[in-house]
Each structure stands twice: as C-alpha cells, then as structure tokens.
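# Structural characterization, general
Residue-level listing of the chains:
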Amino acid sequence: MFDLQAIIDDIYRELEPQRGLGKVADYIPQLARVDARRFGLAIVTVEGQAYVAGDADTAFSIQSISKVFNLTLALGKFGEAIWRRVGREPSGSAFNSIVQLEQEGGKPRNPFINAGAIAVTDLMLAGHTPREVIGEFVRFVRSLADDETIVIDHEVAASEAATGFRNAALANFMKSFGKLDQPVEHVLGVYFHHCALAMSCRQLAKSGLFLANNGRNPMTGHSVVSPQRARRINALMLTCGHYDGSGDFAYQVGLPGKSGVGGGILAVAPGKASIAVWSPGLNDNGNSALGSKALEMLAQRTGWSVFGS
Ligand code: GLN
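Residues numbered from 1 in each chain as written. Predicted model: local features only at pLDDT ≥ 70, side-chain atom pairs only at ≥ 80, totals over all residues. Heavy atoms only, no water.

### Here's the deal with the side chain of Ser-93
The cut-off we apply is this: By definition, any uninterrupted DSSP run of H or I lasting at least four residues is a helix, any uninterrupted run of E lasting at least two residues is a strand, and each is numbered from the N terminus. Relative accessibility thresholds used throughout: buried, under 20% of the residue-type maximum; exposed, over 50%; partly exposed, between the two (1.4 Å probe, protein chains only). In what follows, a contact means two residues having at least one pair of non-hydrogen atoms within 4.5 Å.
Secondary-structure assignment places Ser-93 in the loop between helix H3 (66–78) and helix H4 (99–103). Residue Ser-93 is classed as buried on the basis of its relative accessible area of 16%. Setting aside residues no more than four positions away along its own chain, Ser-93 makes contact with Gln-100, Tyr-243 and Asp-244.

### Some points on the packing of helix H5 (residues 114–124) against helix H9 (residues 184–195)
Each pair of packed helices gets described by two things: the angle between the helix axes and the distance between those axes. Rule in force here: An axis is simply a line fitted to the C-alpha atoms; with a helix, the fit covers only the stretch in contact. Between two such axes, the angle follows the N-to-C directions and lies from 0 to 180 degrees. Reported orientations rely on four angle classes, namely roughly parallel under 35 degrees, roughly antiparallel over 145, roughly perpendicular from 65 to 115, and oblique for the rest. Here a crossing is taken to be left-handed if its near helix is turned anticlockwise relative to the far helix by less than a right angle, and right-handed if that turn runs clockwise. When residue character is reported, Ala, Val, Leu, Ile, Met, Phe, Trp, Tyr, Cys and Pro are called nonpolar, Asp, Glu, Lys and Arg charged, and the others, Gly included, polar.
Orientation of H5 relative to H9, taken along the N-to-C sense of each, is 115°, at an axis distance of 9 Å. In this view, H5 runs roughly perpendicular relative to H9, as classed from their interaxial angle. Crossing hand, H5 versus H9: right-handed. Note on element contacts: H9 touches H5 through Val-187, Leu-188, Val-190, Tyr-191 and His-194, opposite Asn-114, Ala-117, Ile-118, Thr-121 and Asp-122. For the contact of H5 with H9, the per-class residue count stands at 6 nonpolar, 3 polar and 1 charged.

### Re helix H12 (residues 227–240)
How we decide: For a helix, the expected span equals 1.5 Å multiplied by the residue count minus one. Here, the arc refers to the directions that run from the helix axis to the C-beta atoms.
In this model, H12 (14 residues) spans 20 Å end to end at C-alpha, consistent with the 20 Å of a helix rising 1.5 Å per residue. Every buried residue belonging to H12 is among Ala-230, Ile-233, Asn-234, Leu-236, Met-237 and Cys-240, and all of these are buried. Taken around the axis of H12, the buried residues stretch over an arc of 160°, which confines them to a single face. Residues of H12 that are buried make contact with H3, helix H11 (209–212), helix H13 (246–252), strand E7 (257–259) and strand E8 (264–269).

### Focus on the state of the cysteines
Spelled out, the test is: Note on terminology: disulfide denotes any pair of cysteine sulfur atoms within 2.5 Å.
Applying the stated criterion across every chain yields a total of 0 disulfides. No disulfide involves Cys-195; its sulfur sits 17 Å from that of Cys-240, the nearest cysteine. With no disulfide of its own, Cys-201 lies 18 Å from the sulfur of Cys-195, the closest cysteine sulfur. For Cys-201, a relative accessible area of 0% translates into the label buried.

### Points about empty space enclosed by the protein
What counts is decided by this rule: Each cavity reported here is a set of points on a 1 Å grid over the protein atoms alone in which a 1.4 Å probe fits but cannot get out, each pocket an open set with protein on both sides within 12 Å along at least five of seven lines, and each lining residue one with an atom within 4 Å of a point. Grid points are joined across faces, edges and corners, and a volume is the space filled by probe spheres set on the points.
Tallied over the full model, the rule gives 3 cavities of 30 Å³ or more. Approximately 60 Å³ is the volume attributed to the largest cavity. Lining the largest cavity are 13 residues, and of these Ser-93, Ser-97, Gln-100, Leu-101 and Ile-113 lie nearest its centre. Tallied by class, residues from the lining of the largest cavity come to 6 nonpolar, 4 polar and 3 charged. Estimates place the volume of the second largest cavity at around 50 Å³. Around the second largest cavity, the lining residues are Tyr-27, Ile-28, Gln-63, Ser-64, Lys-67, Phe-95, Asn-114, Glu-160, Asn-167, Tyr-191, Cys-195 and Val-261. Among the residues forming the lining of the second largest cavity, the class breakdown is 6 nonpolar, 4 polar and 2 charged.

### Here's the deal with the site of the ligand
This is how it is decided: Each residue is tested against the molecule or strand, and it is near if at least one of its non-hydrogen atoms lies within 4 Å. Pairs of N or O atoms within 3.5 Å make up the polar contacts considered here, provided that, within protein, one atom can donate a hydrogen while the other can accept it, and that residues adjacent in sequence are counted only when both atoms are side-chain atoms. For the area figures, the Shrake-Rupley method with a 1.4 Å probe applies, and any residue is considered shielded solely by the protein chains shown. In this scheme, a molecule is assigned to a cavity or pocket if more than half of its atoms are within 2 Å of the grid points.
Close to the ligand lie 13 residues; Tyr-27, Gln-63, Ser-64, Glu-160 and Tyr-191 are nearest. In this structure, an oxygen atom belonging to the ligand sits 2.4 Å away from a side-chain N or O atom of Tyr-27. Here an oxygen atom of the ligand and a side-chain polar atom of Tyr-191 are 2.7 Å apart. Bound to the protein, the ligand loses 99% of the 290 Å² it would expose on its own. Using a 2 Å cut-off from the grid points, one finds that the ligand occupies the second largest cavity. Tallied by class, the residues present in the shell around the ligand amount to 6 nonpolar, 5 polar and 2 charged.

### Quick look at the pairing of strand E9 (residues 273–278)
This is how the line gets drawn: At least two DSSP bridges between two strands are needed for those strands to be called paired.
Burial of E9 is extensive: 6 of the 6 residues sit out of reach of the surface. Of the two faces of E9, the one carrying Ala-273, Ile-275 and Val-277 and the one carrying Ser-274, Ala-276 and Trp-278 are both buried. Taken together, the 6 bridges between strand E2 (residues 40–45) and E9 define a ladder with antiparallel strand orientation. Note on E9: the bridge partner recorded for Leu-41 is Val-277. Across 6 bridges, E8 lies against E9 in antiparallel orientation. Opposite Ala-267, over in E9, you have Ile-275 as the bridge partner.

From the geometry alone we can't say anything about function, so treat these as descriptive.
Here's what the structure looks like:
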C-alpha cells in the first residue's frame, strides 16, 4: 500500500497556491461569508485509518451532500417505492433547473438535484413533523460519523430560507403537479435544514465510509445498508452527483461523488476509502473547483478510479 499521508500532503502542497480558485456561492448570503481560501482534505480507509491535510477539521456547510444521507434514510424507510416519486437518470441540467420538471410532469430526474431532494424530503415527512424529520436526519449522520458534535448551522438554514426563491419555485411547481403531499413550507423548511448541516472533511469522510465498504461502517460495526444498496447509491452518485458536471467528474476523477455548493465533495473509492474535500470556490456547474482537482490528483496517484488505474 502506498503512503496516503505523503500523497495527500503532496496534493495539498501542490494546490495550495491555487487556494481561492472558483467562485464562492453567494445566492445564500451566509455562504458568501466563508473564506474562499479554505482548503481541506480527508481520507478514511476501510481499515479505519484517517489521513488529513489543511482545514480538514473545520466544519463547513455540506449543502447538497446531505442529499446522499437523506436518500439513504428514505431508501431504508420506503425501499424501491421511492422511485415512483423521483427518477434515477442524470439530468444534464443545473442543480436548480426547472425546465425539465415541466416537460416530465413534475417528477424530478434524480434524488440529487434540488427538485429530487425536495421530493424525497416530502416522502420523509409522511406522518411526521418537520422537527422529527430533521432530528432523525441529524441523529443518522451523527451515527454514521460516530460523532455527537455534528450540528445544523441555523444561520445558514435561515439565510437560505430567506433567499430560497428558486427552491420555493421548484417545490410549488411540483405541488401544482400533485407531486408533493406535504405543505410546501414544511418540505422546504426540512430541506434547508438538511443542507445547513455543518461538518468537517474528517467527519464527512467517516460518514461516507459505509458506501466504500459494502454498506457496513467498519469503524462502528454498524450495517447501514445492504451491499446491493450501497452499490446502487454509489451508482447514483457517479451518474448524478455533480449535476451537469457528472460526466466530466467521471472522466477526470472516476469515483462516485456528491458535491455541495458549500464547496465540499464526498467521494467514494469502493473497497478502499471514503474521501472528503473542501474548497468553497465553485466551477460553472456549482462544484468545488479546487476540490475536483484534488480528487483528480488523488485518483491518479492511488489508481482508485472505478474504471481502472
Ligand atoms: N441548499 C442548496 C440549494 O438548494 C443546495 C444546492 C447545492 O448544494 N448544489 O440551492
């Protein structure tokens, strides 16, 4: 086995001069305040060994990475029935696009675009209050990461609620098609709180480890999902995790991954490790610019791409 600490240190050092690359998301005012030069990396192997570099222990807003955890919970509750509410094809359009929704009768393409996560959140609310659903979500992520200190940043949630006109449009649009059962305000409130979960790269890498290890978290011993389900979630991350940048991410990095507009990316090297990177500046598709580069370098140096070394 190669020296992962040396690899991650090298990547950090080589990319450090480019810290600040990309454009920080400013449509959520609270995110615009984050220092663009932050840069963290964490790898946790299926043996439970952690390797970190840079700002790996600073919590940031995980944003759309939360969609992976929400989907995992929803699959656990409703199983394959969720595919009646949301598709599993790449969208080829932006994370907050409304165009496709109209053409396809209000059924979102996949659970990782905003409309899809909103549909999944609607399902999770069946028979529960928003508070219960948010509580369950936080407890779930804490158990995955084996870390009780993980919390929601309520200022980020409030900031997004105050400016989330696009998401409100998506939710209202779906509601008009009869595709949401719960009140729009409830669904959006829960969705914004999920997105506002604050985690560090180290915590995020730990929480994604079950996906790298056939559904079982090797550090806690918990079986989170079946091997088949882990494989399927990884497939969705690979095909849909970076919106209309998913093809390019597969080409450059070759790992299942999920990005968030906070600048984080969670990537999974099946059988090997879970990886989290954070750099707030985004590329044109809303994915971390430097984070994508770091993962490309890591995949190259480890040979971990799922398509071969
Ligand atoms: N909370 C963000 C939004 O709904 C999440 C988007 C993202 O991370 N791509 O706009």
